Amino acid sequence: MAACVTDIARAAACRDSVAASHLKVVSVFTIFVTSMAGVSLPVMLARYFQGKSLYDMAILVIKCFAAGVILATSLVHVLPDAFAALSDCQVASRHPWKDFPFAGLVTLGGALMALVVDAVASSHVEHAHYAAMEAEEKEDEWRMEFVGGGGGGGDDSDSERVEELARLKQRLVSQVLEIGIIFHSVIIGVTMGMSQNVCTIRPLVAALAFHQIFEGMGLGGCIAQAGFNFGTMAYMCFMFSVTTPMGIILGMVLFSITGYDDSNPNALIMEGLLGSVSSGILIYMALVDLIAVDFFHNKLMNSNMWLKKVSFIALTLGSAAMSVLALWA
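All values derive from a computational prediction rather than experimental measurement.

## Here's the deal with the overall build of the protein chain
A tally of helices and strands in the protein chain yields 11 helices and zero strands. When its helices and strands are written in sequence order, the protein chain yields α-α-α-α-α-α-α-α-α-α-α. Each of the 329 residues in the protein chain was classed as buried or not, and the buried ones make up 44%. Put simply, 89% of the contacts in the protein chain that link residues at least 6 apart link residues at least 24 apart. If you sum the accessible surface of the protein chain, you get close to 16600 Å²; carbon and sulfur atoms cover 69% of it.

Take a look at the structure:
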């Protein structure tokens, strides 16, 4: 199993509760503002440019950038942190944590859980949609039989129904994706809020600000494409923006009540397990509901090789941008 990965002398030198508290208060406001800016930008641009010729292409490119951000977040940030938490000396020396790679197992469980939720919710959406279609067809038949009226328009009606089903699916993807992102944002916030290590918090504030901007742009692109009403979009943007700051505040409260900081064995175990679940969810969402859907089942992309190349570049840039942030957090 993995060896212990802690440096006690360095950690002790960096611990300063007063300075850490000041940094965390600053981070609450900084991260909220940057989160709101990142998630709101694609949504506001979508409302302005919707209906224009380049709108669908721009949203598709933003979604691909988002997929890269989310995939790199899960593989380069969340999953390594989960493994590191469960391989810390204070955890890895205990049973059963030293006997089995639980971080990988729980990540697998998170991916399977996301699959089940996605499959059940998709089945429910499709069933409700087709039930509505049948009801509409019966109403049309009744109207033609008893009231009279011409036929025609069937192809247009079928096309509209396919588009509506795709829109419902995109809304489902956006909601499940936000749940996964919020889940790991709360974990990040709580971990930071419980930390008393100034050497860790100081670079983490700046890194998380950029992290939230990139991840917010990704989620905002998905929300914009889903076509929610203004109230729903505003609510989803606010929930994304407030979760990490609320996590930081919750972590500070937990530390003041329990005295557990981010080096406590119980805190490390919870961080490792919850981070693994979050990583599994985000990996599934990025690969299955974002990358696979757009690169293999999107008519606009498949009919335009230039757009596919641009989308792949956006995917790579999103992955690279989030990966570079791992140098600091």
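## Some details on unusual backbone geometry
Glycine aside, negative phi is the norm for most residues, and most peptide bonds take the trans geometry. Residues His-95 and Pro-96 are joined by a peptide bond in cis, for which omega reads 0°. Locating Pro-96 in the fold gives a position in the loop between helix H4 (89-92) and helix H5 (102-146).

## Here's the deal with the side chain of His-77
Position of His-77 among the secondary structure elements: in helix H3 (residues 55-86). Within the local environment of His-77, its side chain forms a polar contact with the backbone oxygen of Met-322, the two atoms lying 2.6 Å apart.

## A closer look at the pattern of salt bridges
This structure, assessed with the given rule, holds one salt bridge. Taking the shortest distance from any N to any O, the salt bridge between Lys-63 and Asp-294 comes out at 3.3 Å. Here the residue Lys-63 occupies a position in helix H3, and Asp-294 occupies one in helix H9 (residues 265-297), the gap between them amounting to 231 residues. Each member of the pair, Lys-63 as well as Asp-294, carries the same accessibility label: buried.

## Description of the nonpolar core
In this structure, Ile-70, Leu-177, Ile-181, Leu-219, Ile-223, Met-285 and Leu-290 are the most contacted members of the largest nonpolar core, which totals 42 residues. Among the elements of the structure, helix H2 (17-49), H3, H5, helix H6 (154-194), helix H7 (198-226), helix H8 (230-258), H9 and helix H11 (305-324) are those that each provide at least two residues to this core. When residues in this core are grouped by element, the largest group, nine residues, is from H9. For Met-285, the residues in contact, after removing those within four places along its chain, are Val-173, Val-176, Leu-177 and Leu-290. By size, the runner-up hydrophobic cluster in this structure holds 10 residues, among which are Ala-20, Val-198, Leu-204 and Ile-248.

## Some thoughts on the packing of aromatic side chains
Scanning the model with the defined rule gives three aromatic pairs in all. By way of ring pairs, the aromatic residues Trp-97, Phe-100 and Phe-102 are connected into one cluster.

## Section: a nonpolar patch on the surface
A surface patch of nonpolar side chains, about 450 Å² in accessible area, is lined by Phe-100, Leu-105, Leu-108, Leu-112 and Leu-115. Residue position: Leu-112 is located in helix H5. Under the relative-accessibility criterion, Leu-112 is labelled partly exposed at 47%.

## Describing the confidence of the model for the protein chain
Averaged over all residues, the pLDDT of the protein chain is 79; the fraction at 70 or higher stands at 81%. Per-element averaging of pLDDT across the protein chain places helix H1 (residues 8-14) at the bottom with 58 and H11 at the top with 91.

## Some thoughts on the environment of Ser-17
Among the secondary structure elements, Ser-17 is positioned in helix H2. Overall, Ser-17 belongs to the partly exposed group, its relative accessible area being 40%. Remark: the alpha-carbon pair of Ser-17 and Gln-196, spanning 179 residues in sequence, is separated by 5.2 Å.

## Side note on H11
In this model H11 runs 29 Å from its N-terminal to its C-terminal C-alpha over 20 residues, within 8% of the 28 Å that 1.5 Å per residue would give. Along H11, the residues that are buried comprise Leu-307, Ser-311, Ala-314, Leu-315, Gly-318, Ala-321 and Met-322. Along H11, the residues classed as buried sweep out an arc of 135° about the axis, all on the same side. Away from its buried face, by an angle of more than 90 degrees, H11 presents the exposed residues Met-305, Trp-306, Lys-309, Ile-313 and Leu-317. Regarding H11, its N-cap is Asn-304, as a side-chain oxygen of that residue lies 3.1 Å from the backbone nitrogen of Trp-306 further along.

## So, the packing of H2 against H8
For any two helices packed against each other, one specifies the crossing angle of their axes together with the interaxial distance. Where H2 contacts H8, the axes come no closer than 9 Å and their chain directions differ by 165°. Looking at the two axes, H2 sits roughly antiparallel to H8. Read as a crossing pair, H2 and H8 show a hand that is right-handed. Along its contact with H2, which presents Ser-21, Lys-24, Ser-27, Val-28, Ile-31, Phe-32, Ser-35, Met-36, Val-39, Val-43 and Arg-47, the element H8 presents Phe-230, Met-233, Cys-237, Phe-238, Phe-240, Ser-241, Val-242, Thr-244, Pro-245, Ile-248, Ile-249 and Met-252. In terms of residue class, the contact of H2 with H8 is made up of 16 nonpolar, five polar and two charged.

Cut-off values and rules
- Residues numbered from 1 in each chain as written.
- Predicted model: local features only at pLDDT ≥ 70, side-chain atom pairs only at ≥ 80, totals over all residues.
- Heavy atoms only, no water.
- Helix = DSSP H or I, 4+ residues; strand = E, 2+ residues; numbered from the N terminus.
- Buried < 20%, exposed > 50% of the residue type's maximum accessible area, 1.4 Å probe, protein only.
- Contact = heavy atoms within 4.5 Å.
- Areas by Shrake-Rupley, 256 points an atom, 1.4 Å probe, with all protein chains shown as cover.
- Polar contact = N/O pair within 3.5 Å; in protein donor to acceptor, adjacent residues only side chain to side chain.
- Salt bridge = Lys/Arg side-chain N within 4 Å of Asp/Glu carboxyl O.
- Core = buried A, V, L, I, M, F, W, Y, C linked by side-chain atoms within 4.5 Å.
- Phe/Tyr/Trp six-rings, centres within 6.5 Å; stacked < 30°, edge-to-face > 60°.
- Patch = residues over 30% accessible without salt bridge, like charges linked within 9 Å, V, L, I, M, F, W, Y side chains within 5 Å.
- pLDDT = per-residue confidence, 0-100.
- Expected span 1.5 Å × (residues − 1).
- Arc of directions from axis to C-beta.
- Axes fitted to C-alpha atoms, helices over the stretch in contact; angles between N-to-C directions.
- Parallel < 35°, antiparallel > 145°, perpendicular 65-115°, else oblique.
- Left-handed = near helix turned anticlockwise from the far one by under 90°.
- Nonpolar A, V, L, I, M, F, W, Y, C, P; charged D, E, K, R; others polar.

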